[in-house]
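These are the residues of each chain, in order.
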Amino acid sequence: MSDHTPWPLIAKYLAGECSPEEKLAMEWWLENYDNHQLFKQIQSAWQNEQEPAPEPEFNAESGLARLNSLISEADSSADEPVEKRFNYFKISSWMAAASVAVLIGLGYFFVNKNNEKKTLTRLDYSEKVSGKDEIVKLVLPDGSEVWLNKNSKIAYPKAFEADQREVYLEGEAFFEVVPNPSKPFIVHSDKVSTRVLGTSFNVKAYKGDELASVSVATGKVEVSKEIERGTSIRITQLTPQQELVINTEKDETYIDIVSTFDIGGWRRDPLVFRNNTYTEVIASLEKQYNVTIDLKNKNLSQCRVMASFNEGANLKSVLELLSISNSFRYTIDGSQVTILGGVCR
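What you are looking at is a predicted structure, and each value in this text was computed from that prediction instead of being measured.

(A) Layout of the packing of helix α8 (residues 278–289) against helix α9 (residues 315–326). One can describe the packing of α8 onto α9 by two numbers: an axis separation of 11 Å at closest approach and a directional angle of 165 degrees. The angle between α8 and α9 places the two elements in the roughly antiparallel class. The hand of the α8/α9 crossing is left-handed. Contact residues: Tyr 278, Val 281, Leu 285 and Tyr 289 in α8; Leu 315, Val 318, Leu 319, Leu 322 and Asn 326 in α9. Class assignment of the residues belonging to the contact of α8 with α9 gives a composition of eight nonpolar, one polar and no charged.

As structure tokens, this is what we get:
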């Protein structure tokens, strides 16, 4: 169980005081098996408690004193099993009047033993940053693979927690996540979190950009809007070939259909062109082969190219194929390439 359990939200849910958004967030949280089991225990204690002798009226000071007393008892019983310590809870009428405070105390009991060390120490994080002209591939501690696009950054623990795998992304990355149904994988990015069990997907969320997106190649992911750390509202669930585009400023979203081949296509060989202009193609060829290309026919610059080349293809082979498609001539003189003529089809 995570130490990010939303105890105040649980209290409001049990009391029937949730807003529609809070109710949706709670229902999403309950979809996790461990969370659901914990909630059943809390709900049972809430519903089955015997009413105490009538009191004239609720007294805040005595109520808080009683809560502090219970927490003190918890300290002295830290070595007892969680199931036993749970019996110390007697949720009576005075507790109902301060449900949020009570459930925070209840949370203390449940997480005290299993997460005692977590509250005292922070996870040791690693960070990887890609430059403006490089794509970086890395392997996470669980074996999941990540391709980090240009000008991006990812932070991840050197060892994941027992109950979940969380990473923090600025920029764009493609993930191939090792399946683990008992240990969800969560990508936190700008105002958005993406939750999966095992799948391949792309997240784009550059800091300062108005638009963010999540697209799925295989499996299934859940995308949520983060309200605050540990609390989120589910936006939607995505399946293969679906892309969710999020306007983080206007709080607007829409879903598009995309080709699986194009999802994270930036991580593959740079000589894969999908509807790129000749201006873009020439820039890639200059970088790939360390040459300068002079395109004499400027009308060809916005012509679109659909082509891919095997890794290791030489410059002459690439130019030969392109020249057949667009009827141009070319010359190669050392590091200088000249393209003459051409027709945009």
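(B) Focus on the packing of aromatic side chains. Enumeration over the complete set of coordinates arrives at eight aromatic pairs. Among the aromatic residues, those joined into a cluster by ring pairs are Phe 160, Phe 175, Phe 185 and Phe 201. Across from the ring centre of Trp 147, 5.1 Å away, lies the NZ or CZ of Arg 267, which sits over that ring. The ring of Phe 174 carries the charged tip of Arg 267 above its face, separated from the ring centre by 3.7 Å.

(C) Layout of the nonpolar core. Counting residues in hydrophobic clusters, the biggest one holds 26 residues, and the most contacted among them are Ile 154, Val 167, Phe 175 and Phe 185. Apart from residues no more than four positions distant in its own chain, Phe 175 is found in contact with Glu 145, Val 146, Ile 154, Val 167, Leu 169, Phe 185, Val 187, Thr 199, Ser 200, Phe 201 and Val 203.

(D) Looking closely at the confidence of the model for the protein chain. Of all residues in the protein chain, 72% attain a pLDDT of 70 or more, and the chain-wide mean is 77. Overall, residues 82–104 carries pLDDT values under 50, and its contacts beyond four positions in sequence, including any with other chains, amount to 53 contacts.

(E) Spatial organisation of the pairing of strand β18 (residues 336–341). As paired strands, strand β15 (residues 292–295) and β18 are joined by four bridges and run parallel to one another. Its bridge partner being in β18, Ile 293 is matched across the sheet by Val 337. Pairing of strand β17 (residues 328–333) with β18, which is carried by six bridges, proceeds in the antiparallel orientation. Paired with Phe 328 across the two strands is Gly 341, which belongs to β18. The turn joining β17 and β18, which pair antiparallel and follow one another in sequence, is formed by two residues; a positive phi near 65 degrees is taken by Gly 334.

(F) Highlighting unusual backbone geometry. Despite not being glycine, Gln 241 has its phi angle at roughly 75 degrees, a positive value. Inspection of the secondary structure puts Gln 241 in the loop between β11 (231–238) and β12 (242–247). The exposure class assigned to Gln 241 is partly exposed, which follows from its relative accessible area of 37%. In the Ramachandran plot, Asp 251 falls in the positive-phi region, its phi being about 60 degrees despite a non-glycine side chain.

Parameters and conventions
Residues numbered from 1 in each chain as written. Predicted model: local features only at pLDDT ≥ 70, side-chain atom pairs only at ≥ 80, totals over all residues. Heavy atoms only, no water. Axes fitted to C-alpha atoms, helices over the stretch in contact; angles between N-to-C directions. Helix = DSSP H or I, 4+ residues; strand = E, 2+ residues; numbered from the N terminus. Parallel < 35°, antiparallel > 145°, perpendicular 65-115°, else oblique. Left-handed = near helix turned anticlockwise from the far one by under 90°. Contact = heavy atoms within 4.5 Å. Nonpolar A, V, L, I, M, F, W, Y, C, P; charged D, E, K, R; others polar. Phe/Tyr/Trp six-rings, centres within 6.5 Å; stacked < 30°, edge-to-face > 60°. Lys NZ or Arg CZ within 6 Å of the ring centre and 35° of its normal. Core = buried A, V, L, I, M, F, W, Y, C linked by side-chain atoms within 4.5 Å. Buried < 20%, exposed > 50% of the residue type's maximum accessible area, 1.4 Å probe, protein only. pLDDT = per-residue confidence, 0-100. Pairing = 2+ DSSP bridges.

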